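# Structural description and commentary
Each chain is listed here by its residues.
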Amino acid sequence: MDTIIAKVNKENLDEPESKEALYKAAEIIRTGGLVAFPTETVYGLGGNALDKEASKKIYAAKGRPSDNPLIVHICSLDQLYEIASEVTPEMKTLAEKFWPGPMTMIVNSNGKVPHETTGGLDTVAVRFPVHPVAMALIRESGCMIAAPSANTSGRPSPTKASHVEEDLSGKIDMILDGGEVNIGLESTIVDMTVDEPTILRPGFITIEDIKETLGSCKMDPGLSSENANVRPKAPGMRYRHYAPKAQLSIVEGEREKVITKIVALATESEQNGVKTAVLCSDESRADYKILEYLGVQIFDMGSFETEDDIARNLFDVLRKCDDLQVGRIFSESFDTKRLGNAIMNRLLKAAGHSVVEA
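The rules behind the values
- Residues numbered from 1 in each chain as written.
- Predicted model: local features only at pLDDT ≥ 70, side-chain atom pairs only at ≥ 80, totals over all residues.
- Heavy atoms only, no water.
- Axes fitted to C-alpha atoms, helices over the stretch in contact; angles between N-to-C directions.
- Helix = DSSP H or I, 4+ residues; strand = E, 2+ residues; numbered from the N terminus.
- Parallel < 35°, antiparallel > 145°, perpendicular 65-115°, else oblique.
- Left-handed = near helix turned anticlockwise from the far one by under 90°.
- Contact = heavy atoms within 4.5 Å.
- Buried < 20%, exposed > 50% of the residue type's maximum accessible area, 1.4 Å probe, protein only.
- Pairing = 2+ DSSP bridges.
- Core = buried A, V, L, I, M, F, W, Y, C linked by side-chain atoms within 4.5 Å.
- Nonpolar A, V, L, I, M, F, W, Y, C, P; charged D, E, K, R; others polar.

### Overview of the packing of helix H1 (residues 16–30) against helix H6 (residues 132–141)
When two helices pack together, their arrangement is captured by the angle between the axes and the distance separating the axes. Packing of H1 against H6 brings their axes to within 8 Å, and their N-to-C directions diverge by 55°. Between H1 and H6, the interaxial angle falls into the category oblique. Of the two elements, H1 crosses H6, and the hand of that crossing is right-handed. Contacts from Leu22, Tyr23, Ala25, Ala26, Ile29 and Arg30 in H1 reach Val133, Ala136, Leu137, Glu140 and Ser141 in H6.

Right, here's the structure in full:
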């Protein structure tokens, strides 16, 4: 299969080139094909959410386990009522506060969305994205669009069209190139089918945001448990995710001790003939300059004061390490004020929970 790659200008979708690309993409979705498109979080791999054969194609293209549900993307609140068995006042409150935006709600399904899309579950994951290209594609296609991240399952999520091309070219019909995404971490998933709203995947919208809106919210205990028998409720959180090809370890502890430990570990690794990279903050970048003389790749992820940059850069940097054929990565911990939970969730899964105490 030849994959069409078309640029769209998110600032002006009425440009002839953008209109033509969106028209073609919408036609592909309507006829059962697959289109990768940008959202505010990461690039999604989209197919008609109500077409079970399209959903099967998504799982096949990604190499994704079929019990891992696909998120249904909508472009109006009315569409939530079309697929949920009930829309509670709490769901409506959350939707009015955070939609369109980077939040996914788990709701009970009325059966309209096929089990091939829901991963065999009687619940459905629903999101109303704010990205102009995503919204335009849903409207133009006339379909609710099922879309997981547009990458090979297990790899770092795609934040640029080039990442999608690298993983899925030849496997899908089209890629809409709308430039780099804004957030860089997948949406917050909130389970609204339980007594107390529960975050199944942390993201840009935090537990504090939801508590402030609804009065209560908790984290899925399986997200942080070190007990192998306590597993995350969201099927997607149980699988290996976001991982670079290199072995990645996170070094935690007091700042000065962390720097000293990373310098020692990276020096030893490079001297043993293993191409090595270090992920650090803007605040500590200068402390690793000595490693550059050994050939260690230093990636400044961003400042703790502007933590959005760290989130936006994470998956791109992990992919750059693959491009450079890095064999070993040592990372600082990025437990930032607001997004630290989401950033560290992705980083820990990418590292296979390999943590070194400094």
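### Examining the pairing of strand E8 (residues 174–177)
Neither face of E8 is open: one carries Met174 and Leu176, the other Ile175 and Asp177, and all of them are buried. Note: strand E1 (residues 4–7) against E8, four bridges, orientation parallel. The residue bridging Ile4 from the neighbouring strand is Met174, located in E8.

### Quick word on the environment of Asn272
With respect to the helices and strands, the residue Asn272 is situated in the loop between helix H9 (255–271) and strand E13 (276–280). Sequence separation between Asn272 and Met144 is 128 residues; the distance between their C-alpha atoms is 52 Å.

### With respect to the nonpolar core
With 44 residues, the main nonpolar core has Leu80, Trp99, Met105 and Ile172 as its most contacted residues. Of all the elements in the fold, those that place two or more residues in this core are strand E3 (43–48), helix H2 (52–62), helix H3 (77–83), helix H4 (89–98), strand E5 (103–108), strand E6 (123–127), helix H7 (161–168) and helix H8 (207–214). Top contributing element to this core by residue count: H4, with four residues. With 28 residues, the next largest nonpolar core counts Ala277, Met301, Ala311 and Ile343 among its residues.

### Structural notes on the packing of helix H11 (residues 308–323) against helix H12 (residues 340–350)
Viewed as axis vectors pointing N to C, H11 and H12 meet at an angle of 15°, and their least axial separation amounts to 10 Å. When the interaxial angle is binned, H11 and H12 end up roughly parallel. By crossing handedness, the relation of H11 to H12 is classed as left-handed. Taking contact as the criterion, the partners of Ile310, Ala311, Leu314, Phe315 and Leu318 in H11 are, on H12, Ile343, Arg346, Leu347 and Ala350. Split by residue class, the contact of H11 with H12 holds eight nonpolar, no polar and one charged.

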